[in-house]
Amino acid sequence: MNKSKDGFTLLEIMIVGAFAALLVILFFIQKSNVDAMNRDDARKTAINAMYYALEEYYYPKYGYYPSEISEEILPVVDPALFTDPFGMNIGNDASTYTYQPANCNEKNECREFMLRAELEKEDTYIKRGRK
């Protein structure tokens with residue numbers, strides 16, 4: 001007598017379920033990595049925009065760097081770029097962006113600066129003033 005097999009065994013269903021769960025886990029791990037890399041790219045773009053605004057707009061106009069930066073001081077930069085991917089403005093202690101002026105006089109006219117972005121997947125991204 002021939003027995004016909006009409007369905008899947010419990011073992012087959014468990015193997016397929018485990019494989020599907022593994023694929024879902026791998027997908028979300030990879031998605032998390034891609035999202036972090038995209039946030040890092042956004043941070044680098046923002047730091048570069050602030051850097052070039054300081055070098056090409058602010059310094060030639062005033063002959064020094066500011067003691068702090070903001071939308072009002074650098075109007076040529078998209079205001080959204082002063083906010084990191086987590087919604088914190090530059091200058092806020094919780095922000096992943098930092099502006100550090102250096103070699104400043106009593107009028108808060110600075111000769112140097114450093115812009116930093118704390119990245120998730122790479123080392124800290126730093127741009128220093130050229131002058």
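Refer to the structure presented above.
Right, let's walk through the structure included here. (Residues numbered from 1 in each chain as written. Predicted model: local features only at pLDDT ≥ 70, side-chain atom pairs only at ≥ 80, totals over all residues. Heavy atoms only, no water.)

**Some thoughts on the environment of E120**
Examined against the element boundaries, E120 turns out to sit in the loop between β2 (110–117) and β3 (125–128). Between the C-alpha atoms of E120 and M14, which are 106 residues apart in sequence, the distance is 37 Å. In this structure, E120 is in contact with A36, R39, D40, R43 and F86, ignoring residues within four places of it in sequence. Polar side-chain contacts of E120 include one of 2.7 Å to the side chain of R39. (Helix = DSSP H or I, 4+ residues; strand = E, 2+ residues; numbered from the N terminus. Contact = heavy atoms within 4.5 Å. Polar contact = N/O pair within 3.5 Å; in protein donor to acceptor, adjacent residues only side chain to side chain.)

**Regarding a nonpolar patch on the surface**
There is a patch of nonpolar side chains on the surface, built from F19, L22, L23, I25, L26 and I29 and spanning about 590 Å² of accessible area. For I25, the location among the structural elements is in helix α1 (residues 10–62). (Patch = residues over 30% accessible without salt bridge, like charges linked within 9 Å, V, L, I, M, F, W, Y side chains within 5 Å. Areas by Shrake-Rupley, 256 points an atom, 1.4 Å probe, with all protein chains shown as cover. Salt bridge = Lys/Arg side-chain N within 4 Å of Asp/Glu carboxyl O.)

**Digging into the state of the cysteines**
For the structure on display, the rule yields 1 disulfide. Residue C104 pairs covalently with C110 via a disulfide, S to S 1.9 Å. Between C104 and C110, the disulfide has an S-S torsion of 100 degrees and is therefore right-handed. With relative accessibility at 0%, the residue C110 sits in the buried group. (Disulfide = S-S within 2.5 Å. Buried < 20%, exposed > 50% of the residue type's maximum accessible area, 1.4 Å probe, protein only.)

**A look at the side chain of S70**
Here S70 lies in the loop between α1 and β1 (97–104). Of the residues examined, S70 reaches a relative accessible area of 18% and is grouped as buried. Reaching out from S70, the side chain makes a polar contact with the side chain of E72 at a distance of 3.1 Å.

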